[in-house]
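# Examining the three-dimensional arrangement
One-letter residues, chain by chain:
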Amino acid sequence: MMLQSRLTPSVLILGASVLFVGVAINACSFDATASPDQPIAFSHRIHVENQIDCSYCHEYYDRYAVAGIPRVSVCVDCHEFMEPTEPNPDLDRLFEFASSGQEIPWVRLYELPQYTHFNHKWHIQAEIECQTCHGDIGTSDRATRHMVYDMDWCLSCHESQEASVDCVTCHK
C-alpha cells in the first residue's frame, strides 16, 4: 500500500522522461569507431595507396564550410577507365547510380550540431592536415569515423594553434 501511494502519475512521468532522455542521449552519442553501412563499400586505404589526394574526391574542401561528399561523376571519372580484375558488385552499383542519373546516397560520417559554425576553408588556410581532425581515415577499408568532436576537443586544438577561442568564432 505504501509503495502504491508514492507512484503518483507525476513520479511516473518524471521517471519515464528521465529514461527517454537517457536513451536519446545514448542513441545520439557519437562513436569514434562508427562505420555505418554505405550503399557502396568504399576503401579510403586503396585510394590513398593509389596516391589520390583527398581533395580530388572532396572537391569543396578548400572553398566552402563542408568538404563535400563525392559526386558519382567524380567516381566514374576514374573508374570508367579501369578494368576490374575480378567481378565487383560495388563497381556495378556505382555504374548503376551513374547511368540512372542518381547520386550515391552516402551516409555522412561527421555532422556537427546546427548551433556550431565550422568552415573547412579556414582550417585549410591555416595548413591543418586532414588527419588532424579526421584521424587515420586513410587506413580504413570502410568509411569509418575516427574522431569524436566535442567542444573541449575543438578548444584544446584552437588553444594549441593559438586560434581564436572567442565563442562567436564557432557559434553564431
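Okay, so let's go over this structure. (Residues numbered from 1 in each chain as written. Predicted model: local features only at pLDDT ≥ 70, side-chain atom pairs only at ≥ 80, totals over all residues. Heavy atoms only, no water.)

Ranked by size, the top nonpolar core spans ten residues in total: I40, F42, V72, C75, V76, L91, L94, F97, I104 and W106. Within the residue set of this core, elements represented by two or more residues are α5 (72-79) and α6 (89-100). Beyond its immediate sequence surroundings of up to four residues, L91 is in contact with H79 and P84. (Core = buried A, V, L, I, M, F, W, Y, C linked by side-chain atoms within 4.5 Å. Buried < 20%, exposed > 50% of the residue type's maximum accessible area, 1.4 Å probe, protein only. Helix = DSSP H or I, 4+ residues; strand = E, 2+ residues; numbered from the N terminus. Contact = heavy atoms within 4.5 Å.)

On the secondary structure map, H44 appears in helix α3 (residues 44-49). For the pair formed by H44 and G138, sequence separation is 94 residues and the distance between their alpha carbons is 5.1 Å. Among residues more than four places away in sequence, those in contact with H44 are H58, I137, G138, S140 and A143.

All right, on to the environment of D37 then. Turning to its location among the elements, D37 is positioned in the loop between α2 (9-28) and α3. The class of D37 is exposed, set by a relative accessible area of 65%. Each C-alpha atom, one on D37 and one on T144, is 9.7 Å from the other, the two residues being 107 residues apart in sequence. Beyond its immediate stretch of four places on either side in the chain, D37 contacts V107 and R142.

The residue R145 is located in the loop between α8 (130-134) and α9 (151-160) in this model. In this structure the side chain of R145 is engaged in a polar contact, spanning 2.5 Å, whose partner is the backbone oxygen of L109. (Polar contact = N/O pair within 3.5 Å; in protein donor to acceptor, adjacent residues only side chain to side chain.)

If you check α6, its first and last C-alpha atoms are 16 Å apart, about what twelve residues at 1.5 Å a residue would give, namely 16 Å. On its buried face, α6 sits against α5. Two or three places before D90, at the start of α6, stands the capping residue N88, its side-chain oxygen 2.9 Å from that residue's backbone nitrogen. G101 sits one or two residues past α6 and shows a positive phi near 80°. (Expected span 1.5 Å × (residues − 1).)

This part is about the side chain of H123. Among the secondary structure elements, H123 is positioned in helix α7 (residues 120-125). In this structure H123 comes out as buried when scored by relative accessible area, which is 18%. Not counting the four nearest positions on each side in its chain, H123 is found in contact with F118, I128 and H158.

All right, on to the packing of α5 against α6 then. To characterise two packed helices, one gives the angle between the axes of the helices and the distance between these axes. With their axes 10 Å apart at the nearest point, α5 and α6 run at an angle of 125° to one another. When the interaxial angle is binned, α5 and α6 end up oblique. When the axes of α5 and α6 are compared, the crossing they make is left-handed. When α5 is examined against α6, the residues V72, C75, V76 and H79 are found in contact with a partner set consisting of L91, L94, F95, F97 and A98. (Axes fitted to C-alpha atoms, helices over the stretch in contact; angles between N-to-C directions. Parallel < 35°, antiparallel > 145°, perpendicular 65-115°, else oblique. Left-handed = near helix turned anticlockwise from the far one by under 90°.)

With that out of the way, let us pick up the packing of aromatic side chains. Counted by the stated rule, this structure contains four aromatic pairs. Taken together, a centroid distance of 6.1 Å and an interplanar angle of 75° make the contact between F42 and W106 edge-to-face. Note that F42 is positioned in the loop between α2 and α3 and W106 in the loop between α6 and α7, a separation of 64 residues in sequence. Of the residues examined, W106 reaches a relative accessible area of 18% and is grouped as buried. A centroid spacing of 5.1 Å and a plane angle of 40° characterise the contact between Y110 and Y149, whose relative ring orientation is tilted. Of this pair, Y110 sits in the loop between α6 and α7 while Y149 sits in the loop between α8 and α9; the two residues are 39 residues apart in sequence, bridging distant segments of the chain. Looking at Y149, the relative accessible area reads 21%, which means it is partly exposed. (Phe/Tyr/Trp six-rings, centres within 6.5 Å; stacked < 30°, edge-to-face > 60°.)

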